[in-house]
Amino acid sequence: MEDLFTGSVLIGLLASAIRLATPYLYAAIGETFGQRSGVLNLGVDGIMLMGAFSAFYVVFKTGDLVGGVLLAALVGLLMGLLMAFISVTLSAEQGISGIGVYLFGLGMSDLLFQKLINNVQTVSGFPVAPIPLLSEIPVLGPILFRQNVLVYGAYILVPIAWFVLNKTTLGLKIKAVGENPEAADTLGVSVSRIRYFTVSLGGMLSGIAGASLSIALLNVFQFNLTNGLGFIAIALVYFGGWRPTWVLLGSLIFSFVNALQIWVQVVGLPIPSDIAVMTPYILTIVVLVISAQRVRPPSALSKAYERLE
Amino acid sequence: MKKFGKLVVLLVLVAILSTACGAAEPAAPAASTGPFKVAVVTPSAINDLAFSQSMYDALLAIQAEMGAENFEFVVSDSMFVVDDASSAIRDYASQDYNLIVAHGSQYGAALQEIAPDFPGVSFAWGTAGDTFNLPNVFAYEAFSQEGGYVSGVLAAALNKSGVIGVVGPVEVGDAKLYVDGFVAGVNATNADITVNVNYTGSFSDVALASEAAQTHIGAGADVMTGSAQMVVGAVGVAKEKGVLWFGTQADQASLAPDIVVACQIYDWAVVLRDIVSLVNEGTLGGKAYALSLENEGLKMVYNPGFDLPADVKALGDAAAKGIVDGTVTIGVGGK
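Residues numbered from 1 in each chain as written. Chains lettered and ligands numbered in written order. Predicted model: local features only at pLDDT ≥ 70, side-chain atom pairs only at ≥ 80, totals over all residues. Heavy atoms only, no water.

1. Some words on the overall build of chain B
In terms of regular secondary structure, chain B is built from 10 helices and 12 strands. On C-alpha atoms alone, chain B measures out to a radius of gyration of 21 Å, which is about the 20 Å that the 2.2 N^0.38 rule sets for 335 residues. With the principal axes as the frame, chain B shows a C-alpha extent of 65 × 60 × 35 Å. In chain B, which comprises 335 residues, the share counted as buried stands at 59%. Look at the contacts in chain B between residues 6 or more apart in sequence, and 67% of them connect residues 24 or more apart. A total of about 12,700 Å² of accessible surface is found on chain B, and carbon and sulfur atoms cover 55% of it. Averaging the positions of the 15 positive and the 35 negative side-chain charges in chain B gives two centres separated by 7 Å. (Helix = DSSP H or I, 4+ residues; strand = E, 2+ residues; numbered from the N terminus. Rg over C-alpha atoms; globule rule 2.2 N^0.38 Å. Buried < 20%, exposed > 50% of the residue type's maximum accessible area, 1.4 Å probe, protein only. Contact = heavy atoms within 4.5 Å. Areas by Shrake-Rupley, 256 points an atom, 1.4 Å probe, with all protein chains shown as cover. Lys, Arg positive; Asp, Glu negative; His and termini not counted. Charge placed at Lys NZ, Arg CZ, Asp CG, Glu CD.)

So, in structure tokens, the structure goes:
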């Protein structure tokens, strides 16, 4: 019991948190773009499932890992386009259409799995790829630089998303469309084009999030593989106040607490398992409540835009 | 026009969805005399290599015994929403089925409500020991601690690191019995071994099961086990790291032929066979069953691809024999 928090334990926990946070990051960063432009896509989990299956299927049949990621991205993109078509072009109620997309992904991914594979199998996914030199750094090396390629990708995505949203004209347009679509429209920014772009991008990243589960972290596919992970990702977007860096922080805290609760159980601390598994969720709710006081969502979030002509 | 467009999209979505989530097999045409007809509702997929698959495999076995012309069955799987399951059970009851199996302890309350409305139809549910004193309800459960104990004995004999890891789902029902039986088996064989147990709080969280396996291995485990459909995540990690694995509910050797040592298999055919003959004689319920090593509803299946030393296997066989003849006391669930 006295060696509960040795250095190597902490390193293990942090490495574990980095892995666990990967699918959340892809999905939540993608969702951040959509929500910043005013579209709430609740279909993330369904898109992740379709991405997870597509990637798994390619790797199962051909062993081609890159092809798996590409197909997952494409399938995610198409589902993002579907969501954009329903919520932007048809201006359907966003919450309901997102749930429709989720249920479609949940059902369709299982149907395809039943018809094309039909039993639980494992594949060889992305191997751990230590980064030369960096992986030798004490403490940080094993935590950050001994992961697989899709894990690295998720963390590289964060500064890119930050840069696009805060330092480019495109980012400015996205935020303008999410805050005041009428004004943006008056200034010649196409609201629907921006929203199509962000929702498709979000779909693509959700597809990759699914692939990170099925061919990098778990290397398996079964019915409802994501188990609601996409909904946690949406909560993390709120948690992070629609800012990529804070979404990263939120994902890491949630994942670290999850890794910690597993560890606490494994070493046999006398805490009931029901309480332990609840902690990451309780923490998320608490932070959400606090952050609700602190930041304001994009003004036009979940409001369809219809031009007055 | 816009409203019409939305409606069309919604309808198309609903249509696609209903095909995707439909019954795994088409319903057989109704007939008053003829084959024995069974409808089954399961919470996860029938190919989950765990709880639901164990029932599906038993149905196939009974069908093979009785012949497809005498035994027909339909399955609605992945009914993890109890409300959906409950309407499926009611639908099946109002059609022409002889027996409706609600394969999940979470369906109990629904069944308690539905069964009295259909006194001429027989229902079975599990895992549970309670027939609600209803004349048309059978209950079935599994003494999964028995195979858990045998696996624990084998695991202790194969263990070298002094640490064994258990990836549990939720601390209830046959999952808890299995885990407790496993721990008892390890302790009875070598009390110096530390058995680390965690529960993920879910039957289906593959990602958490996988991370839990990583944590167990990080803590020194060289043998692991676990229960429920989420364990495929843990088996994947065990395979990658070369850690031995014991399965339960269904044969998981196909997932990782090199590291799966043995699996405890649930053979519900033992229960179904008896229920079918009782229903045919006019008894529609009132009996509770339990799978055990003694009635061969529980079986230890050794992975032929794993080279298990004969002396270790002998230990397992001795434990199984002891449980059957009562000389071994597990100390879990009245066994």
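Further notes follow.
2. Some remarks on the pairing of strand 4 (residues 122-126) of chain B
All names here are of chain B. Strand 4 sits mainly inside the fold: 5 of its 5 residues count as buried. A two-sided burial pattern is seen for strand 4, the buried positions comprising S122, A124 and G126 on one face and F123 and W125 on the other. Where strand 3 (residues 99-103) and strand 4 come together, 5 bridges link them in parallel fashion. Bridge assignment links V101 to a residue of strand 4, and that residue is A124. Between the parallel pair strand 3 and strand 4, the chain is carried across by helix 4 (residues 108-114), and the sense of this crossover is right-handed. (Pairing = 2+ DSSP bridges. Right-handed = clockwise from strand over helix to strand, strands pointing away.)

3. Notes on the domain arrangement of chain B
Note on interface size: it is often stated as the accessible area lost on association of the parts. Residues and elements named next belong to chain B. On domain assignment, one finds that chain B holds domain 1 (7-143 + 268-291) and domain 2 (144-266 + 298-325). The straight-line distance from the C-alpha centre of domain 1 to that of domain 2 is 29 Å. Counting residues at the interface gives 11 residues for domain 1, matched by 17 residues for domain 2. Note on domain 1 versus domain 2: buried area summed over both sides is about 1,100 Å², and carbon and sulfur give 63% of it. Summed over the shared surface of domain 1 and domain 2, the number is 0 salt bridges. (Domains from an automatic or database assignment. Buried area = accessible area lost by both parts, 1.4 Å probe. Salt bridge = Lys/Arg side-chain N within 4 Å of Asp/Glu carboxyl O.)

4. Things to note about the nonpolar core
A:I29 and A:L225 are the most contacted members of the largest nonpolar core, which has 102 residues in total. It is helix 9 (residues 191-217) of chain A that provides the largest number of residues to this core, a total of 11 residues. In this structure, B:A58, B:I193, B:W268 and B:I275 belong to the second largest nonpolar core, which totals 64 residues. (Core = buried A, V, L, I, M, F, W, Y, C linked by side-chain atoms within 4.5 Å.)

5. Some points on the environment of A:L172
Take A:L172: it is sitting in helix 7 (residues 169-179). Judged by relative accessible area, which is 57%, A:L172 ranks as exposed.

6. Some thoughts on the sheet that holds strand 5 (residues 137-142) of chain B
Residue and element names in this part refer to chain B. Pairing in this open sheet of 6 strands is parallel, and the strands run 2-1-3-4-5-11 from one edge to the other. Lying at the two open borders of the sheet, with one neighbouring strand each, are strand 2 (71-76) and strand 11 (288-291). Along the sheet, successive strands turn relative to each other by an average axial angle of 20°, direction set aside. Of the strand pairs in this sheet, strand 5 and strand 11 are connected by 4 bridges, and their pairing is parallel. Within the sheet, the bridge partner assigned to A142 lies in strand 11 and is L291. Each of strand 1 (36-41), strand 2, strand 3 and strand 4 is contacted by helix 3 (residues 82-94), which is oriented at about 170° to strand 1, the strand it contacts most. (Axes fitted to C-alpha atoms, helices over the stretch in contact; angles between N-to-C directions.)

7. Topic: empty space enclosed by the protein
All names here are of chain A. Across all of its chains, the model carries 1 cavity of 30 Å³ or more by this definition. Its volume calculated, the largest cavity comes out at about 50 Å³. Lining of the largest cavity is provided by G30, E31, G34, V39, N41, T198, V199 and G202. Here the lining of the largest cavity is built from residues that sort into 2 nonpolar, 5 polar and 1 charged. (1 Å grid on protein atoms, 1.4 Å probe; cavity = no way out; pocket = protein on both sides within 12 Å on 5 of 7 lines; lining within 4 Å. Points joined across faces, edges and corners; volume = space filled by probe spheres on them. Nonpolar A, V, L, I, M, F, W, Y, C, P; charged D, E, K, R; others polar.)

8. Focus: helix 1 (residues 7-36) of chain A
Residues and elements named next belong to chain A. In the structure, helix 1 departs most strongly from a straight axis at T22, where the bend amounts to approximately 40° and where the proline P23 lies between one and four residues downstream. Most of helix 1 is tucked away, with 24 of its 30 residues classed as buried. Two residues or fewer past helix 1, G38 is found with a positive phi of approximately 100°. (Bend = angle between axes of the 7 residues up to and from the residue.)

9. A few points about the packing of aromatic side chains
Residues and elements named next belong to chain A. Summed over all chains, the structure comprises 20 aromatic pairs over all chains. Judged by centre distance (4.9 Å) and plane angle (85°), the rings of Y102 and F231 are edge-to-face. Separated by 129 residues along the polypeptide, Y102 in helix 4 (residues 94-116) and F231 in helix 10 (residues 229-239) bring together distant segments of the chain. Looking at Y102, the relative accessible area reads 14%, which means it is buried. With a relative accessible area of 32%, F231 lands in the partly exposed category. (Phe/Tyr/Trp six-rings, centres within 6.5 Å; stacked < 30°, edge-to-face > 60°.)

10. So, the environment of A:V177
Residues and elements named next belong to chain A. Along the polypeptide, V177 turns up in helix 7. With relative accessibility at 0%, the residue V177 sits in the buried group. The spatial distance from the C-alpha of V177 to the C-alpha of S37 is 5.2 Å, given a sequence separation of 140 residues. Apart from residues no more than four positions distant in its own chain, V177 is found in contact with S37, A184, V189, V191, I194, R195 and A300.

11. Topic: the side chain of B:Q249
Within the secondary structure, B:Q249 sits in strand 9 (residues 244-249). There is a polar contact of 3.2 Å between the side chain of B:Q249 and the backbone nitrogen of B:F51. (Polar contact = N/O pair within 3.5 Å; in protein donor to acceptor, adjacent residues only side chain to side chain.)

12. A short note on the sheet that holds strand 10 (residues 260-266) of chain B
Residue and element names in this part refer to chain B. With respect to topology, 6 strands assemble into an open sheet ordered 7-6-8-9-10-12, the strand pairing being mixed. In the strand order of this sheet, the two ends are held by strand 7 (194-199) and strand 12 (298-302), each with one partner. With direction set aside, neighbouring strand axes in the sheet form an average angle of 15°. Bridge count between strand 8 (residues 223-226) and strand 9: 3 bridges; the pairing is parallel. The residue bridging M224 from the neighbouring strand is W245, located in strand 9. Taken strand by strand, helix 5 (residues 144-158) contacts strand 6 (163-168), strand 8, strand 9, strand 10 and strand 12, and its axis lies near 30° from that of strand 12. Across the face of the sheet, helix 7 (residues 206-218) comes into contact with strand 6, strand 7 and strand 8 while running at roughly 165° to strand 6.

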